Amino acid sequence: MAIPVSYSATPQVLDAVGAVKVTEYYGTSKLDNVYTYLRTYVENGSLVFSITSFEKAPTPESRTAAAFSFGSLERSIFISCNAQGKLTASLFSRQSEKDLALGPVSIPAALVTFSVDEQGEGWSFTTRLPAEQIWQWFAAKLVPGSVFAGNVYKYCEGEDAFGAAFPCKPGVWPPAQENFGEFVVVPY
């Protein structure tokens, strides 16, 4: 079943949109399976998203990430950030059943925030994939009815262990497209 993602002509409050939680864990991390989730919506064709991680004192190696593929599954983007705001984004191409790095790309800077709520202390990063870049890199437009693929991850640099929202094949490190779930854009 595809995860619905709202389409809106105006900015939305990310706390008011649905969440996709990291529930699949692979290996044992020093992070101890941190509670993490993704919130996302489409604003005029741009994908706006935030990933929240509940950690009291995140180290620079502690990262959250999302990978997305739009249009055909021949390309994907992997976006990762730590609580210090170190954002990285790279494009990948699907070739011979492997995802090969095409190299880093530039996306808008991450806004990092810290908060406390009923879940505990945590941090989030928020950014967007502008509609122009989605078109340039994927030849795709996000409108109601569009379907795209992706996953959200929690990991620690230097470790093989990680968590994901959608099940992952053993031994296949993100952002492998065979580990992606499905999202569908719906009218707000």
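Our structure's up above, just so we're on the same page.
The structure reproduced in this document is the subject of the present report. (Residues numbered from 1 in each chain as written. Predicted model: local features only at pLDDT ≥ 70, side-chain atom pairs only at ≥ 80, totals over all residues. Heavy atoms only, no water.)

Attention now moves to the pattern of salt bridges. This model, assessed by the stated rule, comprises two salt bridges. For the salt bridge of Arg 128 with Glu 43, the shortest nitrogen-to-oxygen distance reads 3.1 Å. Within this pair, whereas Arg 128 is found in strand E11 (residues 120-129), its partner Glu 43 is found in strand E4 (residues 36-43), the two being separated by 85 residues in sequence. Glu 55 is the partner of Lys 154 in a salt bridge, and the nearest nitrogen-oxygen pair spans 2.8 Å. With Lys 154 in strand E12 (residues 147-156) and Glu 55 in the loop between strand E5 (46-53) and strand E6 (62-70), the pair connects residues that are 99 residues apart, well separated along the chain. We classify Lys 154 as buried; its relative accessible area is 4%. Glu 55 gets classed as buried once you look at its relative accessible area, which sits at 10%. (Salt bridge = Lys/Arg side-chain N within 4 Å of Asp/Glu carboxyl O. Helix = DSSP H or I, 4+ residues; strand = E, 2+ residues; numbered from the N terminus. Buried < 20%, exposed > 50% of the residue type's maximum accessible area, 1.4 Å probe, protein only.)

In this section: the nonpolar core. Membership of the largest hydrophobic core comes to 34 residues, with the highest contact counts inside it found for Leu 47, Phe 49, Phe 68, Phe 70, Ile 77, Leu 129 and Phe 148. If sequence neighbours within four positions are ignored, Phe 68 has contacts with Leu 47, Phe 49, Arg 75, Ser 76, Ile 77, Leu 129, Phe 138, Phe 148, Ala 149, Gly 150 and Phe 180. With eleven residues, the next largest nonpolar core counts Ala 67, Ala 149, Phe 162 and Ala 164 among its residues. (Core = buried A, V, L, I, M, F, W, Y, C linked by side-chain atoms within 4.5 Å. Contact = heavy atoms within 4.5 Å.)

We now examine the environment of Glu 178. With respect to the secondary-structure elements, Glu 178 resides in the loop between strand E13 (162-164) and strand E14 (181-187). With a relative accessible area of 30%, Glu 178 lands in the partly exposed category. Expressed as a C-alpha distance, the spacing of Glu 178 and Gly 150, which sit 28 residues apart in the sequence, is 9.6 Å. With near-sequence residues (within four places) excluded, Glu 178 lies in contact with Arg 94, Asp 99, Lys 169 and Val 172.

Turning our eyes to something else, we now look at helix H1 (residues 131-138). An α-helical turn contains 3.6 residues, so any two residues separated by three or four positions project in the same direction. Turning to H1, its buried residues are Gln 133, Ile 134, Trp 137 and Phe 138. Down the axis of H1, the buried set is contained in an arc of 105 degrees. They therefore lie on one face. Opposite the buried face of H1, at more than 90 degrees from it, the exposed residues are Glu 132 and Gln 136. Buried residues along H1 sit against E5, E6, strand E7 (75-82), strand E8 (87-95) and E11. After H1 finishes, the residue Ala 139 shows a positive phi value of roughly 50 degrees. (Arc of directions from axis to C-beta.)

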